[in-house]
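Coordinate analysis (summary)
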Amino acid sequence: MRNFEKVARILFFLILCLIGAIAVSGQTEAKDSEVWQPQGDAQQIPIWPHGAPDMEGISLPPESLKPGTQTILNVTDPTITVYSPKGENKGVAIIVFPGGGFRVLAMDLEGTEICDWITSNGITCILLKYRVPGSDDYWNKECKCRITPKIRRALQDAQRTVRLVRANAQSLKIDPHKIGVIGFSSGGFLVAETSNILKPNYALVDEADKLSSRPDFAVAAFPGHMCFDSGQPRVTNFKVTREAPPTFLVHARDDDTDNVCNSLVYADRLEKAGVPTEMHIFSKGGHAFALRKPDLPIGQWPDLVMTWLKKIGILS
């Protein structure tokens with residue numbers, strides 16, 4: 001264990017030197033307009049030391065960007081990008097799960113822009129580029145049917161990331177008991193999975209995997225995959241228990257992609273399990289509002305999250 005801790009400290013020291021004292025996020029420029037890269041000195045770090053697990057038989061085109069966007073296609077080598085807090089370091093970390101229906105990743109709208117907001121509040125942001133497509137329950141446009149894979153690779157990547165951040169809390173200058181997750185749309189569903197599936201979803205690869213993958217708090221924004229489009233609840237692959245972390249949910253009633261039922265159902269299950277839950281439902285906002293509708297009442301949600309984090313004792 002001592003050797004692992006020593007290697008981990010050296011690794012993250014080198015990483016933090018590369019990203020600088022304060023990494024600037026924001027919308028990125030892709031190298032050759034093909035592959036997503038973080039802006040400035042921030043570096044992507046592979047989360048699996050010997051390649052991602054359970055990739056046998058998976059054949060995808062090379063990773064690329066949807067033309068003219070920061071939407072990532074075909075991720076087979078998941079990474080994290082660390083963004084250091086601006087100003088006073090509050091000793092808190094939030095891992096970001098972008099949405100995209102488990103088909104693509106909306107890396108700016110629900111990724112780097114979110115990290116800008118997180119780091120501006122003195123919180124370390126960890127942006128996860130998890131595997132897509134087909135890495136969890138998703139709608140297949142070709143067969144016009146919903147497919148649930150036997151192996152949930154996005155969940156593997158999420159669990160691994162929480163453990164890695166916890167294992168390297170000292171190097172990141174964060175409290176190992178103040179590590180949260182935030183996700184959007186399908187990323188919001190990944191938040192729910194990570195909050196409730198605490199048994200490792202993959203074979204352990206190193207000492208970091210002996211640590212808990214349970215986040216200390218969770219934020220799910222317009223989550224999906226828990227209700228049908230009709231507004232009827234679906235049976236999920238997890239049961240909500242009291243072990244789930246305190247959870248914040250936000251949704252718009254006029255969301256025509258992920259019915260507001262998703263947040264209502266999840267909040268109800270959390271409350272019945274005795275999990276501290278805060279939910280905000282706004283009339284207008286549509287889907288994927290993220291930080292881009294500040295003039296609507298729903299634009300208040302980021303401030304509400306920070307107030308809630310103080311309420312539950314994560315921020316002082």
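Residues numbered from 1 in each chain as written. Predicted model: local features only at pLDDT ≥ 70, side-chain atom pairs only at ≥ 80, totals over all residues. Heavy atoms only, no water.

**Some thoughts on the environment of Ile147**
- With respect to the helices, strands and loops of the structure, Ile147 is situated in strand S9 (residues 145–147).
- Note: C-alpha distance between Ile147 and Ser135 (12 residues apart in sequence) is 10.0 Å.
- In this view, Ile147 contacts Asp136, Asp137, Tyr138 and Asn140; residues no more than four positions away in its chain are not counted. (Helix = DSSP H or I, 4+ residues; strand = E, 2+ residues; numbered from the N terminus. Contact = heavy atoms within 4.5 Å.)

**Some words on the packing of helix H3 (residues 153–167) against helix H5 (residues 186–196)**
- Interaxial distance between H3 and H5 falls to 10 Å at its minimum, and their mutual angle equals 60°. Here H3 runs over H5; the crossing is right-handed. Residue-level contacts link Ala154, Leu155, Ala158 and Val162 of H3 to Leu190, Glu193 and Thr194 of H5.
- Grouping the amino acids of the contact of H3 with H5 by side-chain chemistry returns five nonpolar, one polar and one charged. (Axes fitted to C-alpha atoms, helices over the stretch in contact; angles between N-to-C directions. Left-handed = near helix turned anticlockwise from the far one by under 90°. Nonpolar A, V, L, I, M, F, W, Y, C, P; charged D, E, K, R; others polar.)

**Remarks on the pattern of salt bridges**
- Using the criterion set out here, one finds 14 salt bridges in the structure.
- Across the pair Arg152 and Asp136 runs a salt bridge, and its minimum N-O distance is 2.4 Å. In this pair, Arg152 sits in the loop between S9 and H3 while Asp136 sits in the loop between strand S7 (124–129) and strand S8 (138–140), placing the two residues 16 residues apart along the sequence. With respect to class, Arg152 is no different from Asp136; both count as buried.
- Taking the shortest distance from any N to any O, the salt bridge between Glu278 and Lys311 comes out at 3.6 Å. (Salt bridge = Lys/Arg side-chain N within 4 Å of Asp/Glu carboxyl O. Buried < 20%, exposed > 50% of the residue type's maximum accessible area, 1.4 Å probe, protein only.)

**Considering the state of the cysteines**
- Inspection of every chain in the model, using the stated rule, returns three disulfides.
- Here Cys143 pairs with Cys145 through a disulfide, and the sulfurs are 1.9 Å apart. Torsion about the S-S bond of the Cys143 and Cys145 cystine: about -75°, corresponding to left-handed handedness.
- Two residues, Cys227 and Cys261, share a disulfide whose sulfurs are 2.0 Å apart. Because the sign of the S-S torsion sets the handedness, a value of about -65° for the bond joining Cys227 and Cys261 places this disulfide among the left-handed ones. Residue Cys227 is located in the loop between strand S11 (217–221) and strand S12 (247–252), and its partner Cys261 is located in helix H6 (residues 261–272); the two are separated by 34 residues in the primary sequence. The residues Cys227 and Cys261 share a single accessibility class, namely buried. (Disulfide = S-S within 2.5 Å.)

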